[in-house]
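# Inside the fold
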Amino acid sequence: SDLPVTGTTKRWTAVTTAKHNYNDGKKYPRPDFAINDSFSNIKVRWRHASEANVISTPAVKNGLVIFGNQQGKIVALSLRNGKLKWNFQTGAAVYSSPAIAENKIVFGSTDGHVYCLDMNGKLQWKFKANAAVLGSPVIDSNVVYIGASDHQFRAIDLKSGKEKWVFNGLNGPVVSTPVLYKDAV
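These numbers come from a predicted model, not from an experiment.

On to the pairing of strand β11 (residues 153–157), then. Burial analysis of β11 places five of its five residues in the buried class, the great majority of the element. Neither face of β11 is left uncovered, since the one carrying Phe153, Ala155 and Asp157 and the one carrying Arg154 and Ile156 both have all their residues buried. Looking at chain direction, strand β10 (residues 143–147) and β11 are connected through five bridges and run antiparallel. Bridged to valine 144 within β11 is isoleucine 156. Hairpin connection between β10 and β11: a loop of five residues separates the two successive antiparallel strands, and histidine 151 in this loop has a positive phi of roughly 70 degrees. Where β11 and strand β12 (residues 163–167) come together, four bridges link them in antiparallel fashion. Counted as the bridge partner of arginine 154 is valine 166 from β12. Connecting the antiparallel pair β11 and β12 is a turn made up of five residues, with glycine 161 showing a positive phi of about 80 degrees.

See below:
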């Protein structure tokens, strides 16, 4: 529907996400950490230059640093030395921060799926939403709680990837991380 301000502007949820090519031979600016030079006790342990923007917050478990990027990859690096351990390719950009429980990694992708990988990067299950999944999951008692851009919020069984319930009374997309408090989401 149109915004009431202009009457002609598309809703922002109608904007499609697109894959960007960052392997085009150009140099793109990276953050400058020169301020750390003034602190003698700060030492770089390792660095990793991702092939694309990393929007999500990494998860750390079992000696791995796991994050998604705009090329649609989930990347796992060694926490000890920053070396690539594995990566997993989704169909589109990953803005969702991964959650880990029971040695399962769960995250959403703008390709419209919620993914579950094992700690070796092997697909365990994939759940199809009706739009991009920009929000990040929370896992509790083997249940994944996550919303999507289809204006729905779901509980998904961690082991099987089957939907336990769905709430579709939302007036917009879910692009955040749910909070669990007592017996409520």
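On to unusual backbone geometry. Positive phi values are uncommon outside glycine, yet glutamate 102 reaches one of about 50 degrees. In this structure, asparagine 142 takes a positive phi of about 65 degrees despite not being glycine. Within the secondary structure, asparagine 142 sits in the loop between β9 (138–140) and β10.

Conventions we followed
Residues numbered from 1 in each chain as written. Predicted model: local features only at pLDDT ≥ 70, side-chain atom pairs only at ≥ 80, totals over all residues. Heavy atoms only, no water. Buried < 20%, exposed > 50% of the residue type's maximum accessible area, 1.4 Å probe, protein only. Helix = DSSP H or I, 4+ residues; strand = E, 2+ residues; numbered from the N terminus. Pairing = 2+ DSSP bridges.

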